[in-house]
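The chain contents come next:
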Amino acid sequence: MEEGRLEELLRVIELCRSVESSSANPFDVDIKEKILLLKSRLPEWRFLNELLVDSEALLELTQIVKLQDEWLKHRASSLYIDPLLIQLKVKLLPKEALTEAFVKSWHPVAQVDQISPKGLERAFVYWRDLAPMAERFKDEFSNYGVKPGSVDYEELVSLGVFTPSQFEQGLKDLHEELLEKSNGEWIDYMEFIESPEFETRVLRAYLLSFLISEGRASLRTEPLTGRVWTTALSEKAKGPSKSVAISIVGGT
Amino acid sequence: MESADRALLERKVRKAFQVLVLQRGRNPGVKGWEMKRYLGRDYRKIVDVLSEDISGLGLEVFEVKGADGTDDASRFLLRFKEPPTVSEAETSGIRIDDLAVLAATIAFINSKQGRAARREVEQFLREKFPKWRIEYSLDRYVKRGYLEQDDRTMLHVGWRTRAEVDEKTLMTLILSRAQEAPKK
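Small disclaimer: the values here were computed from a predicted structure and weren't measured.

A short note on the overall build of chain A
Thought 1: A tally of helices and strands in chain A yields 11 helices and three strands.
Thought 2: Listing the helices and strands of chain A from first to last along the sequence gives α-α-α-α-α-α-α-α-α-β-α-α-β-β.
Thought 3: Counting every position in chain A, which comprises 252 residues, the buried fraction comes to 15%.
Thought 4: Taking all contacts inside chain A whose residues are at least 6 apart in sequence as the whole, residues at least 24 apart take part in 57%.

Right, here's the structure in full:
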């Protein structure tokens, strides 16, 4: 029952909004009738949400009154021409004729869009007093602007990224995983280190680089395709080693 | 007029020209309250003198009334006294198609009592222009102030159109040209 009564107000709101968001005639809304409806229903409202809907309906009706005012002003102005007539005529005209009509009624703004000597002086003073980038953000971001470099194992331990025991365990787990997955065959390096989180992917690549350096895993690259293969070694490899740089991109 | 008064007036007129000709901020023109700050309370007299002075150069000072109709909210700007020719407009780098889109849009909005849903405008223009050009042109004209788009995606004529375009002349020309069309 209560919802049914509120539905009337919701319909009023919906009607007003549809008129506001289209070029429909605002006089299609019978303001007097809707106000009387709100007035008759007002004593029945007891809850806050009902009163809020009522005030919203009233607000929407005021918007329609505003539109009616604009509508009348426009219609009374010399710009009023029968809509169908003007639309038909615009459709009939070629683009060139439309352009010509526009240009003949156009008074372009004349303005100089350039810097003044005063502006130039202010810009110079600003530039002169501006601290270099590296100094400007020093306090906020202490390492802002530092070029990429290498972080070794000791530094990671000192930074608290992991403890020595966690690191050893991580190496052992990864080696076992590689042994199991490769099973004596070459497997795709990128697929092996793949993880939904970028951080985990980097950590796996970092640990794998340790296994390769220690000779517990090996790496093979295909220069033509750019693919990288890896495999686990059950015994430590001997012989000359070669350094390979592999970039790991976030979001891939 | 004494020479001191004349010198003061000339200085103020020069200042008014400088203030109006140099773009400050994103939109061209200077608000009434700014003119008062730069030129004093009698800035309208200065504007009248300036408008007369620059008339020989084919320019005029034009006032666009603000939303509340007060002097402070009015926008003053320098504009061409007479419209340019089509070839002059073309040499300024404006495409014929773009101007035709604007002309048709203004006419359509005016025919709808000053407001029209953007989708209606797009649908109307689609008979003459490709979709991509319509969207591009409408966005551009909204950005440049020729059209205004409210939060209900209703399009209105923008302040720049009110400043630069004689809408009555435009509507009359469109109507009269259409009447000539069958003769061709």
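Thoughts on the sheet that holds strand E2 (residues 217-221) of chain A
All names here are of chain A.
Thought 1: Spatially, E1-E3-E2 is the arrangement adopted by the three strands of the open sheet, whose pairing is antiparallel. Every interior strand has two partners, whereas the edge strands, strand E1 (187-188) and E2, have only one.
Thought 2: The pairing of E1 with strand E3 (residues 228-232) spans two bridges and is classified as antiparallel. Paired with Asp188 across the two strands is Trp229, which belongs to E3.
Thought 3: On the sheet, helix H9 (residues 164-182) packs against E1, E2 and E3 and is oriented at approximately 105° with respect to E3.

Overview of the interface of chain A and chain B
Thought 1: With 39 residues of chain A in contact, the opposing surface of chain B contributes 51 residues.
Thought 2: Going through the elements one at a time, helix H3 (48-76), helix H4 (83-92) and helix H5 (95-104) of chain A are the ones with two or more residues in the side of chain A that touches chain B.
Thought 3: Broken down by element, the side of chain A that touches chain B gets its largest block of residues, 10 residues, from H5 of chain A.
Thought 4: When grouped by side-chain class, the residues that make up the side of chain A that touches chain B number 18 nonpolar, 11 polar and 10 charged.

Quick look at the nonpolar core
Thought 1: The biggest cluster of nonpolar side chains holds 35 residues, and the ones touching the most others in it are Phe102 of chain A together with Ala103, Ala104, Ala107, Leu170 and Ile174 of chain B.
Thought 2: Contributions of two or more residues to this core are made by H4 and H5 of chain A together with helix H5 (96-111), helix H6 (118-125), helix H7 (131-143), strand E6 (154-157) and helix H9 (167-180) of chain B.
Thought 3: Here this core takes 10 residues from H5 of chain B, the largest share from any one element.
Thought 4: Sequence-distant contacts of Leu170 of chain B, defined by excluding residues within four places in its chain, comprise Ala101, Phe102 and Ser105 of chain A together with Ala103, Ile106, Ala107 and Val165 of chain B.
Thought 5: Formed by 17 residues, the second largest nonpolar core is a distinct cluster that contains Val13, Leu39, Val61 and Ala163 of chain B.

Cut-off values and rules
- Residues numbered from 1 in each chain as written.
- Chains lettered and ligands numbered in written order.
- Predicted model: local features only at pLDDT ≥ 70, side-chain atom pairs only at ≥ 80, totals over all residues.
- Helix = DSSP H or I, 4+ residues; strand = E, 2+ residues; numbered from the N terminus.
- Buried ≥ 20, exposed ≤ 12 C-beta atoms within 10 Å, placed from the backbone.
- Contact = placed C-beta atoms within 7 Å.
- Pairing = 2+ DSSP bridges.
- Axes fitted to C-alpha atoms, helices over the stretch in contact; angles between N-to-C directions.
- Nonpolar A, V, L, I, M, F, W, Y, C, P; charged D, E, K, R; others polar.
- Core = buried A, V, L, I, M, F, W, Y, C linked by C-beta atoms within 7 Å.

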